[in-house]
Amino acid sequence: MAQAVYLQTYGCQMNERDSEEILGMLGAQGYVVVDREEDADVILLNTCSVRAHAEERAFGKMGLMQKLKRERPSLVLGILGCMAKAQREEVFRRLPQVDLVAGPAEIYDLPDLLAGVAERRQRAGLGAGARMLAVDRKVRPLERRPTTDYRAGQVTAFVTIMEGCDKKCAYCIVPTTRGHEVSRPVNEILEEIQQLALAGYRQVTLLGQNVNSYGKRFLDGSGWVGPGRRRALLQLAARTGEAAASSDGAPAPPRLVDFPALLRAIDSKTSIDRIRFTTSHPFDAHAELFRAMAECQAVCEFLHLPVQSGSDRILRAMRRGYTAGTYLGQLARLRALVPHVALSTDIIVGFPGETDADFEATCALMERVRYDSAFVFKYSPRPGTEAAGWPDDVPQTVKERRNQAVLELQSRISHEKLEAWVGREVEVLVEERNRRGQLTGKSRSNTTVVLEGSDDLIGELVPVRVARVTGTTMIGDPVDRPASAR
Ligand code: SAM
Ligand code: SF4
């Protein structure tokens, strides 16, 4: 009989996409996906380590799953992803019933690892000595990406364009858990996106921890390595007559393709209607990215550019590689090229040494930029990171207060910006019906829009007149155009 698998995902969109790939692989092996733990033979948690809170949720959930296993010893339990890598000893210590621990670079080994668990169990008797640990790879072997696929949605899709992170932000565990950066070849990405477009998908979100360093390193060792090297390669290309994709969108040898070039190639060579991407590190976001955003019709007018703090002192301690001034300069260039661009950001409050004045600088930057939305995080020391060695000296109550203040500030700005849309027309990609039965979708600027209409509109790009706004949502009606104007 087919084995049933239940998979729960924590954390970022990269994890969500990894989970889709995992389910695609397991589906091809004959597993059926179930949405209740009670119906599963295999329970997997794809975990996040960015903050202690995310880890505690996964520990708590797997603790409950262990109770299920006591009643049903044949159950297989697995911890996958970042926590598997960052907390392997802790996982086995606190979760003795777990059979399998596999890091982000090992997800393509999952069918083999599950087969290994089954084989060991057979040899040693149910449950005993069946544990498998796979967390040692430094880079995900992208050449082994499964061709079988599973997608959670039918209108929008995630496309991973690179893995890992080579930055060393002082607070962040991701480079340790996800390993070195490696990019997928351009042609493979173009092919995947065109197939999605042909299958009826209208939007892709390109994923990477820092999409702006796309093309720096490919699996075969080629890549542009850094801005200086890229310039040199482009000059060489001009001399030798090799096409440079970033200047005209033509295909180029992989080593010459950077992120703006990739955007241009997707825009010109596939029929996908909308392109989004996340995340952009400000250090690597250059004018050429903004030009590509302005010139590529399919690229949505939206940029998530995490600033983390508005204080230069704190940014330096975080090892972010930019100042508030250079960051604001980038946004000014972007806004000159893409005037109505919507912006979102990540903010960390309570980083070690953050004073009231540092915090005020963050609020001042937010007032100045007027982001459309922001994700706010209370600093959480992560063992193994540079900042974990420093005193976590901002008291929890102060972190809470700053967190609340930033949320209130952002909520006011978001609302003011949303209200400015009332009466205007937005293009909505209708995705689904919400729990209340209304159609919902996103504007190009990434705002949720609610509208009434028939199911035929799902998957369509619909012009909508914004009637009112509530919280973070626009409410509107499809614009009925005369037939001649369609
Ligand atoms: N690569 C992206 C970048 O550099 O902007 C961010 C990826 S990270 C998974 C998402 C966000 O989590 C970060 O932008 C940061 O705000 C937050 N974060 C990371 N480590 C954190 C920590 N130790 N404590 C609190 N927030 C953290
Ligand atoms: Fe973490 Fe910095 Fe890499 Fe983002 S760029 S994943 S914050 S180390």
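Since the model is a prediction, treat every value here as computed from it, not as a measurement.

Reading the values: the criteria
Residues numbered from 1 in each chain as written. Chains lettered and ligands numbered in written order. Predicted model: local features only at pLDDT ≥ 70, side-chain atom pairs only at ≥ 80, totals over all residues. Heavy atoms only, no water. Buried < 20%, exposed > 50% of the residue type's maximum accessible area, 1.4 Å probe, protein only. Helix = DSSP H or I, 4+ residues; strand = E, 2+ residues; numbered from the N terminus. Pairing = 2+ DSSP bridges. Core = buried A, V, L, I, M, F, W, Y, C linked by side-chain atoms within 4.5 Å. Contact = heavy atoms within 4.5 Å. Salt bridge = Lys/Arg side-chain N within 4 Å of Asp/Glu carboxyl O. Axes fitted to C-alpha atoms, helices over the stretch in contact; angles between N-to-C directions. Near = heavy atom within 4 Å. Polar contact = N/O pair within 3.5 Å; in protein donor to acceptor, adjacent residues only side chain to side chain. Areas by Shrake-Rupley, 256 points an atom, 1.4 Å probe, with all protein chains shown as cover. Nonpolar A, V, L, I, M, F, W, Y, C, P; charged D, E, K, R; others polar. Parallel < 35°, antiparallel > 145°, perpendicular 65-115°, else oblique. Phe/Tyr/Trp six-rings, centres within 6.5 Å; stacked < 30°, edge-to-face > 60°. Lys NZ or Arg CZ within 6 Å of the ring centre and 35° of its normal.

Some details on the pairing of strand β11 (residues 274-278)
And step 1. The buried count for β11 comes to five of five residues, which makes it a mostly enclosed element.
And step 2. As defined by bridge partners, strand β10 (residues 203-207) adjoins β11 across five bridges and the pair is classed as parallel. Within the sheet, the bridge partner assigned to Val204 lies in β11 and is Ile275.

What about the nonpolar core?
Soluble globular proteins tend to pack their nonpolar side chains together in the buried interior.
And step 1. With 69 residues, the main nonpolar core has Ile161, Leu206, Tyr214, Phe259, Phe277 and Met293 as its most contacted residues.
And step 2. In this structure, Phe277 is in contact with Thr205, Leu206, Val211, Phe259, Leu263, Leu289, Met293, Val299 and Leu303, ignoring residues within four places of it in sequence.
And step 3. In terms of nonpolar packing, the next biggest core, distinct from the first, is built from 25 residues, Ala58, Met65, Leu95 and Val101 among them.

Describing the pattern of salt bridges
And step 1. Scanning all chains against the criterion turns up 46 salt bridges.
And step 2. Across the pair Arg88 and Asp136 runs a salt bridge, and its minimum N-O distance is 3.7 Å. Taken as a pair, Arg88 in helix α4 (residues 88-94) and Asp136 in the loop between β6 (132-134) and β7 (156-160) lie far apart in primary sequence, 48 residues in all.
And step 3. Arg88 sits in the partly exposed class, given a relative accessible area of 25%.
And step 4. Salt bridges linked by common partners bring Arg17, Glu20, Glu21, Arg145, Arg151, Arg184, Glu188 and Glu192 together as one network.

Things to note about the sheet that holds β11
And step 1. Here we have three strands laid out as an open sheet, ordered β7-β10-β11, and parallel in their pairing. On the outer flanks of this sheet lie β7 and β11, each paired with one strand and no other. Averaged over all adjacent pairs, the angle separating strand axes in this sheet is 25°, with direction ignored.
And step 2. The strands touched by helix α7 (residues 186-198) within the sheet are β7 and β10, with β7 carrying the most contacts at an inclination of about 170°.
And step 3. Where helix α10 (residues 259-269) meets the sheet, its contacts fall on β10 and β11, and the angle it forms with β11 comes to roughly 160°.

Considerations on the site of ligand 1
And step 1. What surrounds ligand 1 is a group of 17 residues, the closest being Gln209, Pro306, Gln308, Asp346 and Ser380.
And step 2. Here a nitrogen atom of ligand 1 sits 2.6 Å away from a polar atom, N or O, in the main chain of Gln209.
And step 3. With respect to ligand 1, the side chain of Asp346 contributes an N or O atom lying 2.6 Å from an oxygen atom.
And step 4. Protein contact buries 92% of the 570 Å² of open area that ligand 1 shows by itself.
And step 5. Contributing elements (two or more residues each) for the shell around ligand 1: β13 (342-349) and β14 (373-378).
And step 6. Of the residues in the shell around ligand 1, the class split is seven nonpolar, five polar and five charged.

Quick word on the sheet that holds strand β1 (residues 4-9)
And step 1. With parallel pairing, the six strands of this open sheet are ordered in space as β2-β1-β3-β4-β5-β6. The open sheet has two edge strands, β2 (32-33) and β6, and neither has a second partner.
And step 2. In this sheet, strand β4 (residues 76-81) lies alongside strand β3 (residues 42-47) in parallel orientation, the contact comprising six bridges. By the bridge assignment, Ile43 is partnered in β4 with Leu77.
And step 3. Sheet contacts for helix α1 (residues 13-28): β1, β2, β3 and β4; angle to β1, the most-contacted strand, approximately 170°.

A word on the packing of helix α13 (residues 324-337) against helix α14 (residues 356-369)
And step 1. At a closest axis distance of 12 Å, the pairing of α13 and α14 adopts a crossing angle of 10°. Put simply, α13 runs roughly parallel to α14. Note on element contacts: α14 touches α13 through Leu365, Arg368 and Val369, opposite Ala324, Tyr327, Leu328, Leu331 and Arg335.
And step 2. When its residues are assigned to classes, the contact of α13 with α14 shows six nonpolar, no polar and two charged.

Points about the packing of aromatic side chains
And step 1. Taken as a whole, this structure holds six aromatic pairs when the rule is applied.
And step 2. Among the aromatic side chains, those forming a connected cluster through ring pairs are Tyr171, Phe351, Tyr379 and Trp390.
And step 3. The ring of Phe59 is capped by Arg94, whose NZ or CZ atom sits 3.9 Å from the centre of that ring.
And step 4. The cationic tip of Arg140 hangs over the ring face of Tyr108; the distance from NZ or CZ to the ring centre is 5.6 Å.

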